[in-house]
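# Working through the structure, step by step
For reference, the chains in residue letters:
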Amino acid sequence: MGAGGDLRSPPEWGLERTLATLLGETPGLASMTDHRRGDLPGEGVAITGVGHGSLGERLGLLPGDRIVAMNGQPVRDLLDVQFHGAAEELELVVARGDGEEWELSVAKDAGVGLGLELQPMEIQTCDNHCVFCFVYQNPRGQRSSLYVKDEDYRFSFLHGHYITLSNLTEEEYRRIIEQRLSPLYVSVHATDPGLRAYLLRGKHMAPVVPQLQRLIRGGITLHTQIVLCPGINDGDHLRRTVADLAELHPGVRSVAVVPVGLTDHRKGLPVLQRADEAYARRFLVDIEALQDACLGRLGSRFVFAADEWFVLAGSPIPPAADYEGYPQIADGVGSMALFREELRVALAHSHPRPGRFCFFTGKLFGPTLAAHVAAVAESSVGWQGRVVYLENRFFGAGITVAGLLSGADVRRGLAQCQSGEIPVIPDVMLAEDRNTFLDSLTVAQLRREIHPGLTVVAAGAEGLLSAGDGHAACHAAHCSL
Ligand code: SF4
C-alpha cells in the first residue's frame, strides 16, 4: 500500500522524478527531421501539454498527440518516455488524432527533456487481502480513491509507495532492472513464507527472499517495511526477518518497523491486537539490541523504529544522527527528529512573521509540537502559538497521525479557535490539491463556513515558521481578521 510523504532518498536513475511533467530546456537541440508514416493504431502515451519554447514545441508536438514508440521500443507510460528520452539520438513515432503516425529524428544533448506533460499513469492494484490493510478499514461511503489497493512498482520508484512484489510479472522484473527503477520500497512483514502468506492473504505468494535477491542482483536498492502485529510477526519472527534482510545488506538498505494501525471500522476482519505502552517499551529494547548487532556487523543500524513507538512508550526521540540520513522518512520514520533538527536550523536564520496561531495536529505529534511552538514563541517577538490535538473520529481514536485527520475533525477543532487566532493545518491532511480532506470536505468550504483565516502550511519546521506568511496571502484573498 502506498506510503505518504514527499522526502525520500535521491533517485539513482539520474533522471528527475516527476509524475506527469517532463518539462525540459531546448538549448540542447542539435537537429531534427520528420516524415509521415502510414495509419497505425493509436497506442502509447497521450501528450496533455507542451511547454512553451520547449523541444516538444519545436518538434511540432501538440496536446492530444500520442508518443507511440521511442528508439524502436513501444512506449507504455511516462517512465518509458523519461528513460528513452534521456538519449542524445531520439527516434520518435508520434500518432495524431486522425490516426496518422509520424517519425521524428532528434539529436540533442543527453538529459535534455522534451518539455511535455503526459497523461498520468493508471495505478496497478494488488490481489492481496492483508489482515491489516487500511483499505478494508475505511469508513463506508467515502470517495472511491480511498478504496484503491495500490501495488505499483512505478509508484514505488516515483513516490516511495510500498509494494509486496506479489503482482510483479516477468516483464516487469526485466523492466525494473533494465530501467534501473531504484530504489524500490518493499513491504516484507515476515520472511517466513507461511507467515507472510498468512499476513498478506494473497493468491500466489512466492517466497519474498528470492524475489529480493533477484532485484538486488539486477542492481536495485531496496528499502523494506515490517508492519508489526503484536503476537503474530513479532518476537522471534521479527528477529528472523531482520536477520534474513540483514543478509541482503547493502542491497536491502534499511528496514522500517511500524505498528499496525487499527481503525474503528474492522467489522468482519481478523482480530488484531494494538500495541500499548508496555509493549512499545519492550519492543524498543528489542530494536535497540538489533540495531547494536547490525551496527557492529554492517556498519549501519539498518532497522529503524517508527516514531509512534517512542511516543507510545513515552521514550525520548533519538538524535538525528541515529537515523543515518533518514532512509525511511517517506514512511514517517525519523520525522520527529528531522522536524526538531530543521526547526533548530531555521530558527537560527529566520524571524517568523508575528501573529497569534492555533496549530491543529493529531494526538501523536501534539505534545512534541506544543513544545516546539513554545520554543518558537520564546525566541520570536510578537509570535504566539498554541496547539490543539484533534481526536480522529473519522477512523477512530486509535488513529493518531495528522495525515489521517478528516475535514470533519478539523471542523470540530475550529470551534476551539479563540478570537484573533489564526488556525493553521499542515498540508499532509489534504490531497495533492492542498484543498481536499479525506472525507471530501475542502479548505475552501471550511473557510467559507467557519473561519476565513484557515491557513495551510507545508508539514515541517519551515511550515510552522511560515504560518504568518500564509495568513498574509489568505488575508488578501478572503480573510476578514
Ligand atoms: S491488501 Fe495489502 S498489499 Fe494490498 S493495498 Fe492492502 S495492505 Fe497493501
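All residue numbers refer to position in the chain's written sequence, counted from 1. Reporting of local features is limited, given that this is a predicted model, to residues whose pLDDT is at least 70; pairs of side-chain atoms are given and counted only at 80 or more, and all residues count toward the totals for whole chains, interfaces and linings.

### What about unusual backbone geometry?
Stated formally: Labels follow the DSSP assignment, with helices taken as runs of H or I lasting at least four residues and strands as runs of E lasting at least two, numbered in each case from the N terminus.
Here the bond from Ser 182 into Pro 183 is cis, since omega is 0°, no more than 30 degrees from zero. Considering the arrangement of structural elements, one finds Pro 183 in the loop between α4 (170-178) and β10 (184-187). Each neighbour pair has its own omega, and for His 249 with Pro 250 the value is 5°, a cis peptide bond. Residue position: Pro 250 is located in the loop between α7 (236-247) and β12 (252-259). The backbone of Arg 434 sits at a positive phi, close to 55°, despite the residue not being glycine. By the element assignment, Arg 434 lies in the loop between β16 (422-426) and α13 (443-449).

### Some points on the sheet that holds strand β15 (residues 383-390)
The condition is simple: Strands qualify as paired when DSSP identifies two bridges or more between them. Axis lines are fitted to C-alpha atoms, over the contacting stretch for helices. Their N-to-C directions set the angle, which ranges from 0 to 180 degrees. By the convention adopted here, residues make contact when the C-beta atoms placed from their backbones lie within 7 Å.
Pairing is parallel in the open sheet, where four strands are placed in the order β15-β14-β16-β17. Two strands in the sheet have a free side with no partner beyond their single neighbour: β15 and β17 (455-457). Shown here is a sheet whose adjacent strand axes are inclined to one another by a mean of 30°, direction ignored. Both β16 and β17 contribute to a ladder of three bridges, which runs parallel. Across the sheet, residue Val 424 finds its bridge partner in β17, namely Thr 455. Across the sheet, helix α11 (residues 366-379) lies against β14 (355-362) and β15, angled at about 175° from β15, the strand it touches most. Docked against the sheet, helix α12 (residues 407-414) engages β14, β15 and β16, running at close to 130° with respect to β15.

### What to know about the pairing of β10
It is a general feature of regular strands that their side chains alternate between the two faces of the sheet. Applicable threshold: With C-beta atoms placed from the backbone, a residue counts as buried when 20 or more other C-beta atoms lie within 10 Å of its own, as exposed when 12 or fewer do, and as partly exposed for counts between those limits.
Neither face of β10 is open: one carries Leu 184 and Val 186, the other Tyr 185 and Ser 187, and all of them are buried. Where strand β9 (residues 162-163) lies against β10, two bridges are found, and the strand directions are parallel. Across the sheet, residue Tyr 162 finds its bridge partner in β10, namely Tyr 185. Pairing of β10 with strand β11 (residues 222-228) involves four bridges; the strand directions are parallel. Residue pairing across strands places Tyr 185 opposite His 223, the latter belonging to β11.

### Topic: the sheet that holds strand β13 (residues 303-305)
Strand order in the open sheet made by the five strands is β9-β10-β11-β12-β13, with parallel pairing throughout. Two strands lie at the open edges of the sheet, namely β9 and β13, each paired on one side alone. Running over the sheet, helix α6 (residues 208-217) touches β10, β11 and β12 and is turned about 160° from β11. Each of β12 and β13 is contacted by helix α8 (residues 277-298), which is oriented at about 155° to β13, the strand it contacts most.

### Some thoughts on the pairing of β11
Stated formally: Clockwise travel from the first strand over the helix to the second, with the strands pointing away from the viewer, marks a crossover as right-handed.
Taken across its seven residues, β11 has seven buried, putting it largely inside the fold. Burial along β11 is two-sided: the residues Leu 222, Thr 224, Ile 226 and Leu 228 and His 223, Gln 225 and Val 227 are all buried. Note that β11 and β12 share seven bridges and pair parallel. From the neighbouring strand, His 223 faces β12, where its bridge partner is Ser 254. In the classification by handedness, the crossover that spans β11, the intervening α7 and the parallel β12 is right-handed.

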